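Close look at the chain arrangement
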Amino acid sequence: MTGREVVILRIGHRPERDQRVTTHVGLTARALGAQGMYLAAADKGVVESIADVASRWGGSFFCEDNVKWRSCIRDWKAHGGVVVHLTMYGLNLPDVIGDVRLHDKILVIVGAEKVPGDIYGLADYNVAVTGQPHSEISSLALFLDHLSNGTELNNKFPGAQIRIIPSKAGKQTEEL
Ligand SMILES: C[S@@+](CC[C@H](N)C(=O)[O-])C[C@H]1O[C@@H](n2cnc3c(N)ncnc32)[C@H](O)[C@@H]1O
């Protein structure tokens, strides 16, 4: 693990249709080394699903819903953090990741549908993971992997109740 603090801000979540994708945004963030996710909507279902996984699989990932995105960004910056907005309209990932890596407190914004136009101006970096449309899950995964140069693939999750024993074939787990 690096000492870098990385938290996701998920905006545009529609509880009636985005629960699964938003939960996967959180699980991806957790698995790939982020510390938590702020959700700019009310959805206890997402919060509980992520908390369930975190309590069983370890680590200390948090998920907080009902967050106001504007004040979240303002507070993050006031505490010395930078803001990365993942958008296909931004600068391509390989061209900016070196600069982003210089920071040790990073808020990563991902949208669901069209994000409010203000976000582009509030972000310190608008980052594209290719200039092609795909998804918040894939863009977040690639961003986090590039941020940590792949080292996050060996992260440990202390306090887990279960762990997978990597196997060439079949499924092996260990209850701890
Ligand atoms: C399904 S996309 C919605 C895009 C929407 N049509 C728009 O105009 O912004 C949801 C989110 O995925 C992320 N995303 C999709 N493609 C991306 C890309 N090529 N690079 C970076 N982020 C991307 C962005 O965070 C975006 O807000």
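Nothing here was measured: the structure is a model prediction, and the numbers come from that model.

Let us now look at the packing of helix H4 (residues 93-100) against helix H6 (residues 136-147). Between H4 and H6, the least distance of the axes is 10 Å, while the angle of their chain directions is 50°. On the basis of their axis angle, the class for H4 and H6 is oblique. For the pair H4 and H6, the sense of crossing is right-handed. Residue-level inspection shows Leu93, Ile97 and Val100 of H4 in contact with H6, the latter providing Leu142, Phe143, His146 and Leu147.

Judged by nonpolar contacts, the single largest core of 35 residues is most densely connected at Ile8, Leu86, Val108, Ile109, Leu140 and Phe143. Ranked by residue count, the leading element in this core is strand E5 (residues 105-110), at five residues.

Within the secondary structure layout, Arg4 lies in the segment before strand E1 (5-10). A tally of 15 C-beta atoms within 10 Å means that Arg4 is categorised as partly exposed. As for Arg4 and Leu102, which are separated by 98 residues in sequence, their C-alpha atoms are 9.8 Å apart. Once you skip the residues sitting within four places of it in the chain, Arg4 turns out to touch Asp104 and Ile106.

Summarising burial for E1: five of the six residues are buried, a large majority. As paired strands, E1 and E5 are joined by six bridges and run parallel to one another. Opposite Ile8, over in E5, you have Val108 as the bridge partner. Bridge analysis of E1 against strand E2 (residues 36-39) gives four bridges, and the strand direction is parallel. Following the sheet pairing, Leu9 is matched in E2 by Tyr38. In this region the chain leaves E1, passes through helix H1 (residues 15-31) and returns to the parallel neighbour E2; the handedness of that crossover is right-handed.

The subject of this paragraph is the packing of H1 against H6. For the pair H1 and H6, interaxial distance at closest approach is 9 Å and the crossing angle is 10°. The pairing of H1 with H6 is recorded here as roughly parallel in orientation. Contacts between H1 and H6 involve Val21, His24, Val25, Thr28 and Ala29 from the former and Glu136, Ile137, Leu140 and Ala141 from the latter. Here the contact of H1 with H6 is composed, by residue class, of six nonpolar, two polar and one charged.

Rules used in this analysis
- Residues numbered from 1 in each chain as written.
- Predicted model: local features only at pLDDT ≥ 70, side-chain atom pairs only at ≥ 80, totals over all residues.
- Axes fitted to C-alpha atoms, helices over the stretch in contact; angles between N-to-C directions.
- Helix = DSSP H or I, 4+ residues; strand = E, 2+ residues; numbered from the N terminus.
- Parallel < 35°, antiparallel > 145°, perpendicular 65-115°, else oblique.
- Left-handed = near helix turned anticlockwise from the far one by under 90°.
- Contact = placed C-beta atoms within 7 Å.
- Core = buried A, V, L, I, M, F, W, Y, C linked by C-beta atoms within 7 Å.
- Buried ≥ 20, exposed ≤ 12 C-beta atoms within 10 Å, placed from the backbone.
- Pairing = 2+ DSSP bridges.
- Right-handed = clockwise from strand over helix to strand, strands pointing away.
- Nonpolar A, V, L, I, M, F, W, Y, C, P; charged D, E, K, R; others polar.

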